[in-house]
Amino acid sequence: MKKNSVLVWSMVVALGGFLFGFDTAVISGAEKSIQQFWQLSVFAHGLTISIALIGTVIGSVLGSRPSDRFGRKNTLYFVAIAYLLASLGTALADNWYVFMAFRFLGGLGVGVSSVTAPIYISEVSPADRRGRLVGLFQFNVVLGILISYLSNYLIGQGGEASWRWMLGVQAVPSVVFLVLIRYIPESPRWLILKKQANEKALEILRIINPLNCNHELIAIQNSALDSNGIKHEKESLFSGKYNKPIMLAMLFAFFNQVSGINAIIYYAPRIFEMAGLGAHSSLLSTVGIGLVNFIFTLLGINIIDKVGRRMLMLVGSVGLIISLLLVSYTFYSGNFGGIAIPIYIMVFIGFFAFSQGAVIWVFISEIFPNQVRAQGQTLGSSTHWIMAALIAFSFPYFAEKLGGGNTFLFFGAMMVLQLIFAWKLMPETKGKSLEQIEGSVVVMH
């Protein structure tokens, strides 16, 4: 039962990922109705769709502050309340400005969740299961996206006001998340390093790792000491000591987005129509993308602790390069053959889901030392979301001006650089405790 406790805690916190995915994708089914309901201009409509992404960037930038000050658990309460209020507020909004405020609040929840949930899971997970458990967060993001598409399809049959139900139904999992947070413990590493609550932390460590809990307690305490055995003052991430994990996190998040993943997720129907498919076939192909993403994310989190983070990235990078170059070549040749591009893009999604998709939140949550982990997760998460916003906003322009061939050739070239990054720079963190990673792999002394 004690072994399963960590799994249950991780599943509860990963519900934040489910709501993250649901909140991000649910707007796709409601956006046309919202534009008509408030008679929005093109600019106002674009702002309505992107306001949550703006909230996400801000939430990810600020995410470390509540996580460090109030604790991981209390911050997750804020996330759950933000999702609940955003859901009810957007569903019941009687004017556009109120709607925008609640969409922004939902975006804040997504941003803070992308920082706090992976940190919490990494800090309560045994080393040999940490990849799989933190991977539950990404799995739930993908599941949330899938369920939101299905929910939109079912609710969309309900007439003019169906968009309100599409957005309001998120209140149900939000309430479940809010209630379940009460039953998880605080992160033992936060208790030790921020509150010096060693006895309380030891009780939790005894559940996580009964054989070595005392040794782990000492290792966590020692991680707060410098080489002279003196307790660190409050440290800045940018003190110069952490240049290597900073570089790793920022490059990892950068490559995640210049693969073109969000361009494909957001604009899949547009891409398929560029390739000559009709509107109905494009939508059907989009559902296929969701399913492939789900299946290969599940595969990735099941093997990440066996084969390691680096091996997944090496194999995935090769697959991404090949699939993106095939898409690019098909656009250049103009010989679309009906389903060639959808097939290549689904191959791309499969390789992405079990490599970058499964690894990103695990790797970034592992590579920073205890005393700056929340700041480091914030840096990686905010880099990810800023790049996501840039790619999402710029893709339609570049696709129109440069054409599909050049655009996907650029993404392919970026994945060649990612392959070099994974081969030459990326350390393997499989099977190591967070303190071992800090001492032997990451920090530059």
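Cut-off values and rules
Residues numbered from 1 in each chain as written. Predicted model: local features only at pLDDT ≥ 70, side-chain atom pairs only at ≥ 80, totals over all residues. Heavy atoms only, no water. Helix = DSSP H or I, 4+ residues; strand = E, 2+ residues; numbered from the N terminus. Rg over C-alpha atoms; globule rule 2.2 N^0.38 Å. Contact = heavy atoms within 4.5 Å. Areas by Shrake-Rupley, 256 points an atom, 1.4 Å probe, with all protein chains shown as cover. Core = buried A, V, L, I, M, F, W, Y, C linked by side-chain atoms within 4.5 Å. Buried < 20%, exposed > 50% of the residue type's maximum accessible area, 1.4 Å probe, protein only. Polar contact = N/O pair within 3.5 Å; in protein donor to acceptor, adjacent residues only side chain to side chain. Expected span 1.5 Å × (residues − 1). Bend = angle between axes of the 7 residues up to and from the residue. Phe/Tyr/Trp six-rings, centres within 6.5 Å; stacked < 30°, edge-to-face > 60°. Axes fitted to C-alpha atoms, helices over the stretch in contact; angles between N-to-C directions. Left-handed = near helix turned anticlockwise from the far one by under 90°.

(A) Focus on the overall build of the protein chain. Across its full length, the protein chain holds 19 helices and zero strands. For 445 residues, the compact-globule estimate of 2.2 N^0.38 gives 22 Å, and the C-alpha radius of gyration of the protein chain, at 22 Å, lies within 12% of that figure. With the C-alpha coordinates of the protein chain rotated into their principal frame, the extents come out at 65 × 50 × 40 Å. Taking the intrachain contacts of the protein chain between residues at least 6 apart in sequence as the baseline, contacts between residues at least 24 apart amount to 82%. Put simply, the protein chain shows about 18,600 Å² of open surface, and 67% of that area lies on carbon and sulfur atoms.

(B) Examining the nonpolar core more closely. Formed by 118 residues in total, the largest nonpolar core has its most connected members in Ile 34, Ile 345 and Ile 349. The leading source of residues in this core is helix H18 (residues 373-424), at 14 residues. If we skip the residues at most four places from it in the chain, Ile 349 touches Ile 261, Ile 264, Ile 265, Ile 289, Val 292 and Asn 293.

(C) The arrangement of the side chain of Ser 381 in detail. Tracing the chain through its elements places Ser 381 in helix H18. Taking the relative accessible area as the measure of exposure, Ser 381 reaches 0% and is therefore buried. A distance of 2.6 Å separates polar atoms of two side chains, one belonging to Ser 381 and the other to Ser 114. Discounting chain neighbours no more than four positions away, the residues touching Ser 381 are Ser 60, Gly 111, Ser 114, Val 115 and Trp 361.

(D) Molecular detail of helix H3 (residues 42-62). Between its first and last C-alpha atoms H3 spans 30 Å; for 21 residues at 1.5 Å apiece the expected length is 30 Å, and the two agree. At Ser 50, H3 shows its largest kink, close to 40 degrees.

(E) Region of interest: the environment of Ile 437. Note that Ile 437 resides in helix H19 (residues 434-442). Sequence separation of Ile 437 and Pro 427 is 10 residues, and the distance between their C-alpha atoms is 9.3 Å.

(F) Local environment of the packing of aromatic side chains. Applying the stated criterion across every chain, the model contains 22 aromatic pairs. With a centroid separation of 6.0 Å and an interplanar angle of 70 degrees, the aromatic rings of Phe 99 and Trp 163 are classed as edge-to-face. Highlighted residues: Phe 99 in helix H6 (residues 96-124) and Trp 163 in helix H8 (residues 162-168), separated in sequence by 64 residues. According to the relative accessible area criterion, Phe 99 is buried, its value standing at 0%.

(G) Structural detail: unusual backbone geometry. With a phi close to 50 degrees, Gln 39 is a non-glycine residue in the positive phi region. Residue placement: Gln 39 occurs in the loop between helix H2 (27-37) and H3. Assessed through its relative accessible area of 66%, Gln 39 is described here as exposed. Within the chain, Gln 196 stands out as a residue other than glycine whose phi angle is a positive 55 degrees. For Gln 196, the position within the fold is in the loop between helix H10 (188-195) and helix H11 (198-208). For Gln 196, a relative accessible area of 47% corresponds to the partly exposed category.

(H) Representation of the packing of helix H7 (residues 130-155) against helix H17 (residues 340-366) within the structure. Where H7 meets H17, the axes come as close as 8 Å, and the angle between the chain directions of the two elements is 120 degrees. The handedness of the crossing between H7 and H17 comes out as right-handed. On the side of H7, the interface is formed by Arg 130, Gly 131, Val 134, Gly 135, Phe 137 and Gln 138, while H17 contributes Gly 357, Ala 358, Trp 361, Val 362, Ser 365 and Glu 366.

(I) Inspection of the environment of Val 26 at higher detail. Positionally, Val 26 belongs in the loop between helix H1 (2-25) and H2. For Val 26, a relative accessible area of 1% translates into the label buried. Along the primary structure Val 26 and Val 169 are separated by 143 residues, whereas in three dimensions their C-alpha atoms are 10.0 Å apart. Among all residues touching Val 26, those that are not within four sequence positions of it are Arg 103, Ser 148, Asn 152, Met 166 and Leu 167.

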